[in-house]
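Overview (structure and organization)
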Amino acid sequence: MLHFRMNMPYFYMALYGSVMIAAIFVLRTLLRNKLPKFVFPILWGVVLLRLLVPFSFSSPLSLPVPAGSFLSGLFSEEVAYLEEEVVGDRLNEGTWEKGQEEYTMGTNAPISQVAITEEAVTTVVGEGTGSGAYGIWDGPVLSYSLWRRLPVLYFLGLAAVAGILGRQKYGYNRKLKNGLLIEHNETVNSLLREMNMGHVLVFTSDDIASPMVCGLLNPRIYLPAGMDFCNTVLLRHVLAHETMHIRRRDNWMKAVMLAAIALHWYNPLVWIMSKCLSSDLEAACDAAVLGQFGEEERKGYAYSLLAMAITGSRTTLLYSAFSKTEVEKRVKGILHYKKATIFVMLFAVLFTFGSAAVFATGGQAPFPSYLSAYCASSNCRWGVKATLSRDIALGENPQMRADNAILSVLREDTTGDPDILKREIKAALAAEFGVERRAFTLDISLCLDQKTLEKEYAAWGITPQEDGTWLYQGESVRTYEDKMLGSYQSREKGAADISVQRNRLGEITEVTVWRQGDPQYDRRGERIEQGRFSNLPAAEY
């Protein structure tokens, strides 16, 4: 299923455009001499669309873009989230009503993981399982004052670049303004008629050193006044090249490229792209002209190219013109030109459309990834929360439909295998919403009611106390962790620290115990005294 929107934020357009430029540059380096020359101008055109048009095009080929990604955090002083309150009767207090077979929660924390509020006890729910608690963005942050200045700096840069480009255009227009229209040169007129381009006006100018095409709506060809107009072969090659630029709308492509440069002036990749695009347009134009000539004219065209190249090292971004900086590469390409076979052309077309599809659908605007509540059933040891990995059209009542699809799988589960559950739930969601399975991401975690948990723990010598803490073989437990369950507790005093280990199916396989005198026990004691224990990840306990 495809989903199209016009809501891409500017900084996402810049990010995905940069990624596309880098990817196409790599492809260009590897395949430039193996593919027809028209391929890369088309791919650069896709990049320009990404940089300038705020479309969001989501498809099964799209790269996942989770909501609340790091870019959102870059532009705020502090990003916090507060998940929805638990849905259900007293579920937020850690109780499961007797006789209740299944439930959904606004957070993805199983009941056994909900914090027990006691003065002597601190319960920490592991990252990734969610406690319905409060979290703070700790990534790179820009200060508010700097953020306020960024738009000013951006628009100053945009105005400066637009001014420079506008001044260059004004200078070229002044040079070309005094050009003389060639009306009575029968050689020029007959050559243009041969090419079915008799409507194009040709001018000569003393102020240019190389042929060029100028204009968008009414493109005109300008030839240097010092050119040898008696050399029919040279004139034919030059006019064939310039009229091909007009047919291919290359000046339109350059105009769009200039808009991208102005809007993304700070991005060096965009400037690199402009140079590559100009080179690829000339190469594609040469290839198109050679396709109309016989093999005998190939060397003659190369000589004409050398004769009309601009002396100097600078090229123009404004118009299509001969440039000496690219002549050597272009001459080599001309001399080694081979007409593409039907198989090469077929591959080129498939490669172009395939690459364009991947790049065009690779960037999506931020979208709400939330889909289902946390769902669990008394028939299954696992709880599941589903999110979206790409933007899709959900239709009416998406959460209710997603919850029902998940619960229908959990009710009938007989395996207890989380991998099988993931496959079946993704298949159920894909069938419900009519999209591919990879459009969904599942957060699956062990979900046990208190009675089941106590029964499992009792088999390993772990029993509960009235205050919500645990005993291990009759000894008070100071710190306790059950990583798969996402449950952690700590208090200042106790005879033992324990860690419950489970296998892939959530079954307890081992209980690791540390007592006074063990290095791990002493390190944990130091951290508790320093008040840092409850803030440490489970791996550092």
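Only a predicted model underlies this, so the values are computations on that prediction, with no experimental measurement involved. (Residues numbered from 1 in each chain as written. Predicted model: local features only at pLDDT ≥ 70, side-chain atom pairs only at ≥ 80, totals over all residues. Heavy atoms only, no water.)

**Structural notes on the overall build of the protein chain**
- Secondary structure summary: the protein chain contains 15 helices and 20 strands in total.
- The 541 residues of the protein chain split such that 45% are buried. (Helix = DSSP H or I, 4+ residues; strand = E, 2+ residues; numbered from the N terminus. Buried < 20%, exposed > 50% of the residue type's maximum accessible area, 1.4 Å probe, protein only.)

**Points about the nonpolar core**
- Core analysis: the biggest nonpolar cluster contains 39 residues, and Leu410, Leu429, Phe440 and Tyr457 have the highest contact counts within it.
- Counting residues per element, this core draws most heavily on helix 12 (residues 398–411), which supplies six residues.
- Setting aside its immediate chain neighbours within four residues, tyrosine 457 contacts Ile462, Trp470, Tyr480, Asp482, Leu485, Val500, Arg502 and Ile508. (Core = buried A, V, L, I, M, F, W, Y, C linked by side-chain atoms within 4.5 Å. Contact = heavy atoms within 4.5 Å.)

**So, a nonpolar patch on the surface**
- Together, Tyr10, Phe11, Leu263 and Tyr266 give the surface a local cluster of nonpolar side chains, amounting to about 320 Å² of exposed area.
- Relative to the elements of secondary structure, leucine 263 occurs in helix 7 (residues 250–263). (Patch = residues over 30% accessible without salt bridge, like charges linked within 9 Å, V, L, I, M, F, W, Y side chains within 5 Å. Areas by Shrake-Rupley, 256 points an atom, 1.4 Å probe, with all protein chains shown as cover. Salt bridge = Lys/Arg side-chain N within 4 Å of Asp/Glu carboxyl O.)

**As for the pairing of strand 20 (residues 508–515)**
- Of the strand pairs in this sheet, strand 19 (residues 496–502) and strand 20 are connected by seven bridges, and their pairing is antiparallel. The residue bridging aspartate 497 from the neighbouring strand is tryptophan 514, located in strand 20.
- Connecting strand 19 to the next strand, strand 20, in antiparallel fashion are five residues, including glycine 506 with a positive phi near 85 degrees. (Pairing = 2+ DSSP bridges.)

**Brief notes about unusual backbone geometry**
- Phi is positive for asparagine 397, which is not a glycine, with a value near 50 degrees.
- As for its position among the elements, asparagine 397 is in the loop between strand 13 (382–388) and helix 12.
- Backbone geometry places glutamine 473, a non-glycine residue, at a positive phi of 50 degrees.
- Counting through the fold element by element, glutamine 473 comes out in the loop between strand 16 (470–472) and strand 17 (475–482).

**Here we look at the pattern of salt bridges**
- Here the structure, examined in full by the defined rule, presents 14 salt bridges.
- In this structure, arginine 5 engages aspartate 391 in a salt bridge whose closest nitrogen and oxygen atoms are separated by 3.3 Å. Of this pair, arginine 5 sits in strand 1 (residues 3–5) while aspartate 391 sits in the loop between strand 13 and helix 12, and the two are 386 residues apart along the sequence.
- Assessed through its relative accessible area of 5%, aspartate 391 is described here as buried.
- Here the salt bridges share partners, and the residues they tie into one network are Arg381, Glu456, Asp482 and Arg502.

**Here we look at the packing of aromatic side chains**
- Counted according to the given criterion, the structure contains 13 aromatic pairs.
- Aromatic pair tyrosine 457 and tryptophan 470: ring centres 4.9 Å apart, planes at 75 degrees, arrangement edge-to-face. Highlighted residues: tyrosine 457 in helix 14 (residues 450–458) and tryptophan 470 in strand 16, separated in sequence by 13 residues. Tryptophan 470 carries the same exposure label as tyrosine 457, and that label is buried.
- With a centroid separation of 5.8 Å and 45 degrees between ring planes, the pair formed by tryptophan 470 and tyrosine 480 is classed as tilted. A residue pair is termed long-range when its members are at least 10 positions apart, and tryptophan 470 in strand 16 and tyrosine 480 in strand 17 qualify at 10 residues. (Phe/Tyr/Trp six-rings, centres within 6.5 Å; stacked < 30°, edge-to-face > 60°.)

**Re the confidence of the model for the protein chain**
- Scored by pLDDT, the protein chain comes out at a mean of 76, with 73% of its residues at no less than 70.
- The secondary structure element of the protein chain with the lowest average pLDDT is strand 3 (residues 80–82), at 28, and the one with the highest is helix 13 (residues 418–433), at 95.
- The low-confidence segment residues 106–142, where pLDDT is below 50, has 105 contacts with residues more than four positions distant or belonging to other chains. (pLDDT = per-residue confidence, 0-100.)

**Some details on the packing of helix 12 against helix 13**
- The contact between helix 12 and helix 13 brings their axes to 9 Å, and the two run at 145 degrees. Two packed elements cross with a definite hand, and for helix 12 against helix 13 that hand is right-handed. Residues Pro398, Arg401, Ala402, Ala405, Ile406, Val409 and Leu410 of helix 12 form the contact with helix 13, whose participating residues are Leu421, Glu424, Ile425, Ala428, Leu429, Glu432 and Phe433.
- For the contact of helix 12 with helix 13, the class distribution of residues is 11 nonpolar, no polar and three charged. (Axes fitted to C-alpha atoms, helices over the stretch in contact; angles between N-to-C directions. Left-handed = near helix turned anticlockwise from the far one by under 90°. Nonpolar A, V, L, I, M, F, W, Y, C, P; charged D, E, K, R; others polar.)

**Considering helix 14**
- Burial in helix 14 covers these residues: Leu453, Glu456 and Tyr457. The buried side chains of helix 14 occupy one side of the element, clustering within an arc of 95 degrees when seen end-on. Along helix 14, the residues that are exposed and aim more than 90 degrees away from the buried face are Lys451 and Lys455.
- Buried-residue contacts for helix 14 involve strand 15 (462–464), strand 16, strand 17, strand 19 and strand 20.
- In this structure aspartate 449 caps helix 14, since a side-chain oxygen of it lies 3.1 Å from the backbone nitrogen of lysine 451. (Arc of directions from axis to C-beta. Polar contact = N/O pair within 3.5 Å; in protein donor to acceptor, adjacent residues only side chain to side chain.)

**Details of the packing of helix 6 (residues 232–247) against helix 8 (residues 268–290)**
- Interaxial distance between helix 6 and helix 8 falls to 9 Å at its minimum, and their mutual angle equals 115 degrees. The two elements helix 6 and helix 8 cross, and the hand of that crossing is right-handed. Of the residues in helix 8, those touching helix 6 at Ala240, His241, Met244 and His245 are Leu281, Glu282, Cys285, Asp286, Ala288 and Val289.
- Class assignment of the residues belonging to the contact of helix 6 with helix 8 gives a composition of six nonpolar, two polar and two charged.

**Quick look at helix 12**
- The terminal C-alpha atoms of helix 12 lie 20 Å apart, and with 14 residues this matches the ideal 20 Å at 1.5 Å per residue to within 8%.
- Among all positions in helix 12, only Ala402, Asp403, Ala405, Ile406, Leu407, Val409 and Leu410 are buried. (Expected span 1.5 Å × (residues − 1).)

**A word on the pairing of strand 19**
- Along strand 19, six of the seven residues are buried, which leaves the element largely enclosed by surrounding structure.
- Bridging between strand 17 and strand 19 involves five bridges; their strand directions are parallel. Residue tyrosine 480 lies in a different strand from strand 19, and its bridge partner there is isoleucine 498.

**Here we look at the state of the cysteines**
- In this structure the tally under the stated criterion is zero disulfides.
- Free of any disulfide, cysteine 380 has its nearest neighbouring cysteine sulfur in cysteine 447, separated by 8.6 Å. (Disulfide = S-S within 2.5 Å.)

**Brief notes about the environment of aspartate 391**
- Taking the C-alpha atoms as reference, aspartate 391 lies 9.0 Å from serine 56; in sequence the two are 335 residues apart.
- If sequence neighbours within four positions are ignored, aspartate 391 has contacts with His3, Arg5, Ser58, Gln364 and Phe367.
- Looking at aspartate 391, its side chain comes within polar contact range of the side chain of arginine 5, at 3.3 Å.

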